[in-house]
Amino acid sequence: MLSVVGRRLATIVPMLLILILGVLLLMDLTPGDPAAIVAGDNATAQDIEETRERLGLNDSILERYVGYLGDLARGDMGTSLYTNRPVSEAILAALPVTLWLTFLALAVALLVAVPLGVLAAVKRGSAFDRIVSSVSAGAMAAPPFAIGLLLVTVFAVNRSWFPAGGYVALGEDPTGWALSVTLPALALAVDPAAELVRQTRGAVVDVLERDYVQTAVAMGIPRRVVIAKYAGKNAAVPVVTVLGLQAARVLGGAVVIELIFTLPGLGSEALNAVLYHDYPMIQGIVLVSAALILLMNLVVDASYTYFDPKLRG
Amino acid sequence: MSGTAPTRKKTGPIGAGMRPGTKGGRPGKGGLGLAPKVGLVFIAGLVLLALVGDLLVRTDPNAQDLLRRMESPSGDHWLGTDAYGRDTLARLIAGARLTLVATLQAVGTAVVLGIPLGLVAGYAGGIVDAVLGRIADSVMSVPTLILALAIVGILGPGLTNAMIAVGIVFAPRFFRVARGAASGIRNEPYIEACQAIGCSPARILLRHMLPNASGPLLIQTTYSLGLVVIAEASLSFLGLGVQAPDATWGGMTREAFGSVSRNGFPMLPPLLMIFLTILAFSMVGDGIRDRLTRGRDGKRI
């Protein structure tokens, strides 16, 4: 397992290096003068010049790259142009909200989807299977923000069962926290749940047709045991893969969901950063979200070796 | 339909070359299934609506009638009016046109960026492939919407800019498919023969590698169309896509959400259109995928 992690880490680092170069280059691609945009409409020539200096735009891209890497190594991602807060501090403050949403959405999706998918596969061709398959196909076409809007309208605006927005920290008020994250997490869970149902069903159908499963059934091992022990672990690999891919989509979908439910997460920060031309914040958020995704992939890869011993060593 | 007639040849230009020697595999299943056909019909209807819709509903989608705001559906306004008294049906149709154009812009950008680079990477191999592949991986490691946001942040808000951003974000998908197809056949005898008789690399890429990738690329394109509709709606909902007073369905949803506490209805028509359009594209995508891949392993899960 360690070697898998090591190999993955070896590919993550160059990717992050490319990404950092990419986000630094983005600023050079801005149509017009980024310094003038940041300095604002009423800026004098001197203001613009100072902004240019502050953004480091007078340095060559190589100098900026090395400088950014050096700062990054010390945990310094620059300072927000809008709030003058260190970027790393702002991101750390926003991260728990987004991570909770992502985690809860994936957990809900997993808990709902895996049993449904397995059942649909076992009862393949039945009415239950067809209903589950059609509902999940339909659910995949519903973008998270649409579900979020419907949930907030029905359960927060029309009936005030849940708050329509705002975030309560878990440490302050666990009940308030649970209420504040329920609807957004549900909105984010539908998409991965639908995808997971399809993948689980497909994987289990595939495994159930294998010879060793047929043999186990023929030997008189109870179906329950065959499905759980023989089929379960082998079907897990594609399911975990999809879970990893879905994590990236949920993290992206969280941007819109955070706006709908006014949650102060990474997505809200990203939106503000874009609206206020806050380049260092944009760079930091792109980098941190990519690092999260890559880390997630690392965990997924490592889990393969648990589910499939052939991949060990 | 009984399985007696494997004689029915499938001579579709795309599927034909994909599965040699599987003629007897699944008789009588040559066409698309029912769901993909329904999807195709829906999309065709949508395109038609976008083209001639303003002949059906002659109301100006941007005309405000401030005395008749937030009305429920009636004979005058079949789908009611929005917070400015604009006709929801007229905006829905105008939105269909803009949404479709925007979707094509984004997928076009992704195709133009992704496919040539992918073919070149797959054909050239070596360092070119490694560098381009790493860049594609890096782009794909950032969540779609966050990267699109960042690029819109650089280019500035606006529907075209937003769609260019989405196109850049989707380009690696096409890159990967094109690269895979190209690198899969680069050592085939017919490619080497072509090189030997002096074909230019451009000819090899366009005449031999691109057609080889056409099936998977078609599947990718169809799925991407649906995903781009989501991305467009999301960005317009965030206010970074379409700008007032123009309408896309995402933009209409944003406007309707602003007055949701008074009336939730205006949100429903655009949301329903978004949902149905994505569903249609995904049904067509499934249909094409089944048609092109079925038979190779002889079964369909």
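Definitions and limits used
- Numbers given to residues run from 1 along each chain, matching the order in which its sequence is written.
- Written order decides the labels, with chains lettered from A and ligands numbered from 1.
- pLDDT decides what is reported in this predicted model: residues at 70 or higher carry local features, side-chain atom pairs at 80 or more are listed and counted, and totals for whole chains, interfaces and linings draw on all residues regardless.
- Helix and strand assignments come from DSSP, with helices taken as H or I runs of at least 4 residues and strands as E runs of at least 2, each series counted from the N terminus.
- Here the C-beta atoms are placed from the backbone, and a residue counts as buried if at least 20 other C-beta atoms lie within 10 Å of its own, exposed if 12 or fewer do, and partly exposed otherwise.
- Here, residues touch in the contact sense if the C-beta positions derived from the backbone fall within 7 Å of one another.
- Note on residue categories: nonpolar means Ala, Val, Leu, Ile, Met, Phe, Trp, Tyr, Cys or Pro, charged means Asp, Glu, Lys or Arg, and polar means any other residue, Gly included.
- Axes, fitted as lines to C-alpha atoms, cover a helix only where it is in contact. Angles between the N-to-C directions of the axes lie from 0 to 180 degrees.
- Any angle from 65 to 115 degrees is called roughly perpendicular, while one under 35 is roughly parallel, one over 145 is roughly antiparallel, and all others are oblique.
- A clockwise turn of the near helix away from the far one marks a right-handed crossing, whereas an anticlockwise turn of less than a right angle marks a left-handed crossing.
- Residue count minus one, scaled by 1.5 Å, sets the expected span of a helix.
- In these notes, a nonpolar core means any group of buried Ala, Val, Leu, Ile, Met, Phe, Trp, Tyr and Cys residues linked to one another through C-beta atoms within 7 Å.
- pLDDT expresses how confident the predictor is about each individual residue, on a scale running from 0 to 100.

## Some points on the overall build of chain A
Secondary structure assignment for chain A yields twelve helices and zero strands. N-terminal to C-terminal, the α/β element order of chain A is α-α-α-α-α-α-α-α-α-α-α-α. Here the C-alpha coordinates of chain A stretch approximately 85 × 55 × 35 Å along the principal axes. For chain A, with 313 residues in total, the buried portion stands at 41%. Summarising the internal contacts of chain A: among those between residues at least 6 apart in sequence, 71% fall at separations of at least 24.

## Some thoughts on the overall build of chain B
Counting secondary structure elements, chain B contains nine helices and zero strands. If you list the helices and strands of chain B from N to C, you get α-α-α-α-α-α-α-α-α. The buried share among the 301 residues of chain B stands at 46%. Within chain B, residue pairs in contact and separated by at least 24 positions form 70% of the contacts whose partners lie at least 6 positions apart.

## Comments concerning unusual backbone geometry
Residue and element names in this part refer to chain A. The phi angle at Asn84 is positive, at roughly 60°, despite the residue not being glycine. Counting through the fold element by element, Asn84 comes out in the loop between α4 (61-73) and α5 (87-122). In this structure Asn84 comes out as exposed when scored by C-beta crowding, with 7 C-beta atoms within 10 Å. One non-glycine residue, His277, adopts positive backbone phi at about 50°. Structurally, the position occupied by His277 is in the loop between α11 (266-275) and α12 (279-307).

## Observations concerning the interface of chain A and chain B
Taken together, the 41 residues of chain A in the interface contact 36 residues of chain B. Put simply, the parts of the chain that give the side of chain A that touches chain B at least two residues each are α1 (2-29), α6 (127-140), α7 (144-158), α8 (174-208), α10 (223-260), α11 and α12 of chain A. Taken together, the residues of the side of chain A that touches chain B break down into 31 nonpolar, nine polar and one charged.

## Considerations on the environment of Val112 of chain A
Residue and element names in this part refer to chain A. For Val112, the position within the fold is in helix α5. Val112 sits in the partly exposed class, given 17 other C-beta atoms within 10 Å. Linking Val112 and Ala189, residues 77 residues apart in sequence, is a C-alpha distance of 9.5 Å.

## Let's talk about the packing of helix α7 (residues 201-237) of chain B against helix α9 (residues 268-293) of chain B
Residue and element names in this part refer to chain B. Axis separation between α7 and α9 bottoms out at 9 Å; the angle between their running directions is 165°. Between α7 and α9, the angle falls in the class roughly antiparallel. For the element pair α7 and α9, the recorded crossing hand is left-handed. Two secondary-structure elements touch here, α7 through Gly215, Leu218, Ile219, Thr222, Tyr223, Leu225, Gly226, Val229, Ile230 and Ala233 and α9 through Ile274, Thr277, Ile278, Phe281, Ser282, Val284, Gly285, Ile288, Arg289 and Leu292. A per-class count over the contact of α7 with α9 returns 13 nonpolar, six polar and one charged.

## A word on helix α4 (residues 144-155) of chain B
All names here are of chain B. Helix length check: α4 (twelve residues) gives 16 Å between terminal C-alpha atoms against 16 Å at 1.5 Å per residue, within 8%. Most of α4 is tucked away, with eleven of its twelve residues classed as buried. All buried positions along α4 are accounted for by Thr144, Leu145, Ile146, Leu147, Ala148, Leu149, Ala150, Ile151, Val152, Gly153 and Ile154.

## Notes on helix α6 (residues 189-196) of chain B
With respect to burial, α6 of chain B is a largely exposed element, only zero of its eight residues being buried. Of the residues one or two after α6 of chain B, Gly198 of chain B is the one with positive phi, at around 90°.

## Quick notes on the nonpolar core
The biggest cluster of nonpolar side chains holds 171 residues, and the ones touching the most others in it are Ile285 and Val286 of chain A together with Ile146, Ala148, Leu149, Val166 and Ala178 of chain B. With 19 residues, α10 of chain A is the largest single contributor of residues to this core.

## Quick notes on the confidence of the model for chain B
All names here are of chain B. The predicted model of chain B averages 80 in pLDDT, with 84% of residues at 70 or higher. Across residues 1-29, confidence stays below pLDDT 50; counting only partners more than four residues off in sequence or on other chains, it has 30 contacts. In this model residues 296-301 is a low-confidence stretch, pLDDT under 50, and it forms eight contacts with partners more than four residues away in sequence or in other chains. Across the interface, the model reports ipTM at 0.84; the global pTM reads 0.83.

## Observations regarding the confidence of the model for chain A
Per-chain confidence: chain A averages 85 in pLDDT, with 98% of residues scoring 70 or above. Taken element by element, chain A is modelled with least confidence in helix α2 (residues 34-39) of chain A, mean pLDDT 76, and with most confidence in α5 of chain A, mean pLDDT 92.

## Remarks on the packing of α5 of chain A against α10 of chain A
Residue and element names in this part refer to chain A. It is the contact of α5 with α10, at a shortest axis distance of 9 Å, that shows an interaxial angle of 145°. Along this stretch, α5 crosses α10, giving a crossing that reads as right-handed. Every residue of α10 that contacts α5 at Thr98, Leu101, Thr102, Ala105, Leu106, Leu110, Val118 and Val122 is listed here: Ile227, Leu243, Gln246, Ala247, Val250, Leu251, Ala254 and Ile257. Taken together, the residues of the contact of α5 with α10 break down into 13 nonpolar, three polar and no charged.

## Concerning the environment of Ala187 of chain A
Inspection of the secondary structure assignment puts Ala187 of chain A in helix α8. Among residues more than four places away in sequence, those in contact with Ala187 of chain A are Pro144, Ile147, Gly148, Leu151 and Ile257 of chain A.

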